[in-house]
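# Architecture at a glance
Chain residues, written in single-letter form:
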Amino acid sequence: MIGTAWAADADAGHGGLFSDPAFWVAVAFVIFFALAGKVLWARISDMLDKRAAAISKALADAERLRNEALKAKADAERTLTQAASESAAILQQAKEEAGRMQARAAASLESAVALREQQALDRIAQSEAAATKEVRDTAVDVALSATRALLREQVGSPSTTKQVDDAIAELPRRLH
């Protein structure tokens, strides 16, 4: 019944726009969206601001980490370059030291060989000198014995014997 009365009123045309339910639905819709939109806009805006802040923070962190990584990479490259140059220097120094040690060993070997050779020559000279002295001493002893025997046979007088004995006694001193 109310529906028919309401429809009859609508047909009568005496309320105009304010009596139209579609108008009130539209007004309610606009008011609802104006109030809800304001609240929704604030929430969406806060949420987007928080999201933007989180993204900015993440970008700042990523940039900081990138800078740290680039710095660590540069440090590692510098350390690698330094280690390579140090290893090259150590290798060069080791080669030079090996060359010096080889030269010292060669010089030491040469001096040892020269020393041994000189010692051998000295021993040979000593042996020759000893052999010569021994031969000379033996020759002198043989000559003395032969001279004594010869003089005793040829000289028979006692005074001559004394002079011969004196001369024979002086022979070793004069021959040596």
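Turning our eyes to something else, we now look at the overall build of the chain. Check the secondary structure of the chain and you find 3 helices and 0 strands. Residues classed as buried in the chain amount to 3% of the 176 residues present. Carbon and sulfur atoms provide 64% of the accessible area of the chain, an area that totals close to 14900 Å².

Within the structure shown, the criterion is met by 7 salt bridges. Across the salt bridge formed by glutamate 68 and arginine 64, the nearest N and O atoms sit 3.2 Å from each other. With glutamate 68 and arginine 64 both in helix H2 (residues 21-154), this residue pair falls 4 residues apart, about one helical turn. Accessibility expressed as a relative area gives 43% for glutamate 68, which makes it partly exposed. Among the salt bridges present, the one from arginine 78 reaches aspartate 75, with a minimum N-O distance of 2.2 Å.

A few words on the confidence of the model for the chain. Averaged over every residue, the pLDDT of the chain is 85; the share at 70 or more is 86%. Least confident of the elements in the chain is helix H1 (residues 2-12), whose mean pLDDT is 52; most confident is H2, at 91.

What follows deals with the environment of alanine 143. Looking at the element boundaries, alanine 143 is found in helix H2. Through-space distance from the C-alpha of alanine 143 to that of leucine 171 is 9.6 Å; in sequence the pair is 28 residues apart.

Taken together, the side chains of Phe29, Val30, Phe32 and Phe33 define a hydrophobic patch exposed on the protein surface, amounting to about 440 Å² of accessible area. Using a relative accessible area of 54% as the deciding quantity, one classes valine 30 as exposed.

Cut-offs and rules
Residues numbered from 1 in each chain as written. Predicted model: local features only at pLDDT ≥ 70, side-chain atom pairs only at ≥ 80, totals over all residues. Heavy atoms only, no water. Helix = DSSP H or I, 4+ residues; strand = E, 2+ residues; numbered from the N terminus. Buried < 20%, exposed > 50% of the residue type's maximum accessible area, 1.4 Å probe, protein only. Areas by Shrake-Rupley, 256 points an atom, 1.4 Å probe, with all protein chains shown as cover. Salt bridge = Lys/Arg side-chain N within 4 Å of Asp/Glu carboxyl O. pLDDT = per-residue confidence, 0-100. Patch = residues over 30% accessible without salt bridge, like charges linked within 9 Å, V, L, I, M, F, W, Y side chains within 5 Å.

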